[in-house]
Amino acid sequence: MKLSVLDQSISLAGAGEDAAIRDTVDLAVHCEALGYQRFWLSEHHSLPTIVGTAPEVLMAAVAARTRRIRIGSAGVMLPHYAALKVAEQFRVLDALAPGRIDLGVGRAPGGDMRTTLALNPQAHGAADQFPEQIRDLQAWTAGRQHRGIVAHPRPPTDASGFDRVPALWILGSSDYGARLAAHFGLPYAFAYFFMDGQGVEQALSLYRSLYQPSERHPAPQATICVWALAADSEAEARHHALSRDRWRLDRARGRLGPLLSPDAVAARGFSAEERPGVEAQQRKAFVGSAPQVAAQLRELAAALELDELVINTWAHDPAVRRRSYALLAHEFGLAPSPAKTALENAA
């Protein structure tokens, strides 16, 4: 089983938002040392919690600090941008980290409509052009002339005989993305953590049954992104997960802000009205000791016939997050020991 990472640069109460960006880069170094396959970065806008707004910039910083791990966007929200500009950015990234770049794209706005219009004044109807943009990206990221235009720098040919290009992934949390990925013969990643897995079976089934083989991807390649937190004990993990439990409740009421510490959440507690919602979230969560979480993840991967999972973890203490990734890497045989690393101790 391959494990990968999705990081969202989460703003923490008591720390500056810029610290979240630097922590993302440090986490990538940590996860590479643990043997993770990919390190993906999300794109959100005008949100006080998720402050990773420019994955293509962060990817360059991660590329400068790592040597092996694949680096990707999860994803670039394509309707905000011109496909050619995105292709040029990722051709440059491939030159900086040859053969290590994933270009995950989605059509969701990653913010509200006012922000969407600020990013692209022609945003009304832009999502309808998503399939055409995918077709353009396929050509331009491959370095081919398309519409009389070439995205530079052009790629060399790798050992497989193909031109070396960023790996294009379609991201989604509905049937739409699954159908589109199948139509273009591209890898597909389902955002399981968005809706606690609702719709995942149908999306993956559609993707596999409708898949049209492409030259680079003769067979379907799918993964899902789940939220998970492991600690040395179930009680410790559930305590640290309180930060996200509170955030999810507040988000549903339109209250957004930095991630609160679990101690602050525990001291405040949850009202009688809030408690059923929290308990429902906790029953679905991948939270517990490392063996518990690993067993849950293996069961899910087997049920969905997956050989790779992408893990997203929030914790108010960066050391807790690093520890969680280290424990899971050990449980899946990626890292020889769950002993604390220098990065965990320094966090």
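Because the structure is predicted, anything quoted here is derived from the model rather than measured.

Conventions used here
Residues numbered from 1 in each chain as written. Predicted model: local features only at pLDDT ≥ 70, side-chain atom pairs only at ≥ 80, totals over all residues. Heavy atoms only, no water. Helix = DSSP H or I, 4+ residues; strand = E, 2+ residues; numbered from the N terminus. Buried < 20%, exposed > 50% of the residue type's maximum accessible area, 1.4 Å probe, protein only. Contact = heavy atoms within 4.5 Å. Salt bridge = Lys/Arg side-chain N within 4 Å of Asp/Glu carboxyl O. Arc of directions from axis to C-beta. Expected span 1.5 Å × (residues − 1). Core = buried A, V, L, I, M, F, W, Y, C linked by side-chain atoms within 4.5 Å. Phe/Tyr/Trp six-rings, centres within 6.5 Å; stacked < 30°, edge-to-face > 60°. Lys NZ or Arg CZ within 6 Å of the ring centre and 35° of its normal. Polar contact = N/O pair within 3.5 Å; in protein donor to acceptor, adjacent residues only side chain to side chain. Disulfide = S-S within 2.5 Å.

(A) Molecular detail of unusual backbone geometry. The omega torsion across Ala74 and Gly75 is -5°, close enough to zero to call that bond cis. Relative to the assigned elements, Gly75 resides in strand E3 (residues 70-77). With an omega of 0°, the peptide bond running from His152 to Pro153 counts as cis. You can see Pro153 is positioned in the loop between helix H5 (130-141) and strand E5 (167-172). With phi around 55°, Ser46 is a residue other than glycine that occupies positive phi space. For Ser46, the location among the structural elements is in the loop between strand E2 (38-41) and helix H2 (55-65). Note on Ser46: relative accessible area 57%, which makes it exposed.

(B) Region of interest: the environment of Glu17. With respect to the helices and strands, the residue Glu17 is situated in helix H1 (residues 17-34). Linking Glu17 and Gly52, residues 35 residues apart in sequence, is a C-alpha distance of 9.5 Å. In this view, Glu17 contacts Ser11, Pro48 and Val51; residues no more than four positions away in its chain are not counted.

(C) Seen up close, the pattern of salt bridges. Under the definition given, this model contains 18 salt bridges. For Asp232, the salt bridge is made with Arg323, and the minimal N-O distance between the two is 2.9 Å. Pair noted here: Asp232 is in the loop between strand E7 (222-231) and helix H8 (234-252) and Arg323 is in helix H12 (residues 318-331), with a separation of 91 residues, a long-range link. Given a relative accessible area of 14%, Arg323 falls into the buried group. Here the residues in one salt-bridge network are Asp7, Asp23, Arg321 and Arg322, joined through shared partners.

(D) Quick look at H2. Looking at H2, one finds that the buried residues are Pro55, Leu58, Met59, Val62 and Ala63. Angular distribution of buried residues about the axis of H2 spans 145°; they occupy a single face of the element. Opposite its buried face, H2 presents the exposed residues Val57 and Ala64, each directed more than 90 degrees away.

(E) Here's a closer look at H5. Helix length check: H5 (twelve residues) gives 16 Å between terminal C-alpha atoms against 16 Å at 1.5 Å per residue, within 8%. On its buried side, H5 packs onto helix H3 (83-96), strand E4 (101-106), E5 and helix H6 (175-184). Within two residues after H5, Gly143 carries a phi angle of roughly 80°, on the positive side.

(F) Region of the structure containing the nonpolar core. With 71 residues, the main nonpolar core has Tyr36, Val105, Ile134, Leu137, Tyr188, Ile224 and Leu297 as its most contacted residues. Ranked by residue count, the leading element in this core is helix H11 (residues 290-304), at seven residues. Ile134 has contacts with Leu78, Val105, Leu168, Ile170, Leu180, Phe184 and Leu186, leaving out every residue within four places of it along the chain. Counting 26 residues, the second largest nonpolar core, distinct from the first, contains Ile50, Leu171, Ala237 and Trp247.

(G) View of the packing of aromatic side chains. In the structure shown here, the tally under the stated rule is seven aromatic pairs. Ring centres of Tyr192 and Phe286 lie 6.1 Å apart, and the angle between their planes is 50°; this geometry places the pair in the tilted category. Highlighted residues: Tyr192 in the loop between strand E6 (188-190) and helix H7 (200-210) and Phe286 in strand E8 (residues 286-289), separated in sequence by 94 residues. Among the residues examined, Tyr192 registers a relative accessible area of 14% and is labelled buried. The class for Phe286 is buried, based on a relative accessible area of 8%. Connected via pairs of aromatic rings, a cluster forms that spans Tyr188, Tyr207 and Tyr211. Lying over the aromatic face of Tyr176, Arg107 brings its terminal NZ or CZ to 3.7 Å of the ring centre. The ring centre of Phe332 lies 4.4 Å from the NZ or CZ of Arg298, which sits over that ring.

(H) Region of the structure containing the side chain of Asp102. Relative to the helices and strands, Asp102 is located in strand E4. Among the residues examined, Asp102 registers a relative accessible area of 0% and is labelled buried. A distance of 3.0 Å separates polar atoms of two side chains, one belonging to Asp102 and the other to Trp40. In contact with Asp102, not counting residues within four places along its chain, are Arg38, Trp40, Met59, Arg70, Ile71, Gly72, Ser73, Phe90, Ala167 and Trp169.

(I) The arrangement of the state of the cysteines in detail. The final tally for this structure, using the stated rule, is zero disulfides. Looking at Cys31, it has no disulfide partner, and the nearest cysteine sulfur is the one in Cys225, 12 Å off. The class for Cys31 is buried, based on a relative accessible area of 0%.

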